[in-house]
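Observations on the three-dimensional arrangement
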Amino acid sequence: MIAIVDYGMGNLRSVWKALRYLGAQVRLTQSPSDIREARGIVLPGVGAFRDCMANLERLGLLDPIMEAIRAGKPYLGICLGLQVLFEESEEFGTTRGMGVLQGRVVRFPPDMPAQGKGPRPFLTVPHMGWNSIRLVKQAPHLEGIPQEAYFYFVHSYFGVPRDFSVAATTTNYGMDFVSSIWKENVFACQFHPEKSQAAGLKILKNFLGLCS
């Protein structure tokens, strides 16, 4: 059983549907015991970092998630599920994260120049839509994913790891940022594989293979 952590934020159903489509036994859950019994953990979501951490603690989900990571269970973080792995975020003031990764979550600067002759001189924030990734480390989750593959993004903040060796991919949006990380049993991506068609399904399928 794969546990999708439901902490009351974001459209979790699209992740559930994608994993079910791939044949996985999936449970959308707020139960600590489900997380402890699961073969793999998925933490998706969009929204505010502070609200996410508060909800995880209020629902008693933070400890079982950390226990699962320490026990070596495969963990897949999506969007906010990547950001909360870091030590802290600057969103709405400094908020402590899970501390699985050293580093912090910061906002895109407001004055990133747009390329080309479009009507806007600067890139808009949030970063929303399709963008390509550059593979910098061959994580097992990225097996079969070609260089410059396109994925779907929706975010205003991104994680800056203190140790770049955890970076699995980078993406350029006015600047290069780390768009996915891989550290032992933990893989997390800023993009949304459940909304990224064939390439996204391939990442989810690779994750399921690690949970078997």
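Owing to the predicted nature of the structure, the values given are computational and were not obtained by experimental measurement.

Quick look at the side chain of Ser179 now. Take Ser179: it is sitting in strand β13 (residues 176-183). Of the residues examined, Ser179 reaches a relative accessible area of 0% and is grouped as buried. Here the side chain of Ser179 touches Thr171 through a polar contact of 2.9 Å, side chain to side chain.

Counting buried residues along strand β11 (residues 157-161), 4 of its 5 residues qualify, which places the element largely inside the surrounding structure. One ladder, built from 5 bridges, connects strand β7 (residues 101-107) with β11; its direction is antiparallel. Note on β11: the bridge partner recorded for Arg104 is Val160.

Read across the open sheet, the 4 strands follow the order β6-β5-β7-β11; overall the sheet is mixed. In the strand order of this sheet, the two ends are held by β6 (95-96) and β11, each with one partner. One ladder, built from 2 bridges, connects strand β5 (residues 86-89) with β6; its direction is antiparallel. By the bridge assignment for β6, Ser89 is matched with Thr95.

Calculation rules
- Residues numbered from 1 in each chain as written.
- Predicted model: local features only at pLDDT ≥ 70, side-chain atom pairs only at ≥ 80, totals over all residues.
- Heavy atoms only, no water.
- Helix = DSSP H or I, 4+ residues; strand = E, 2+ residues; numbered from the N terminus.
- Buried < 20%, exposed > 50% of the residue type's maximum accessible area, 1.4 Å probe, protein only.
- Polar contact = N/O pair within 3.5 Å; in protein donor to acceptor, adjacent residues only side chain to side chain.
- Pairing = 2+ DSSP bridges.

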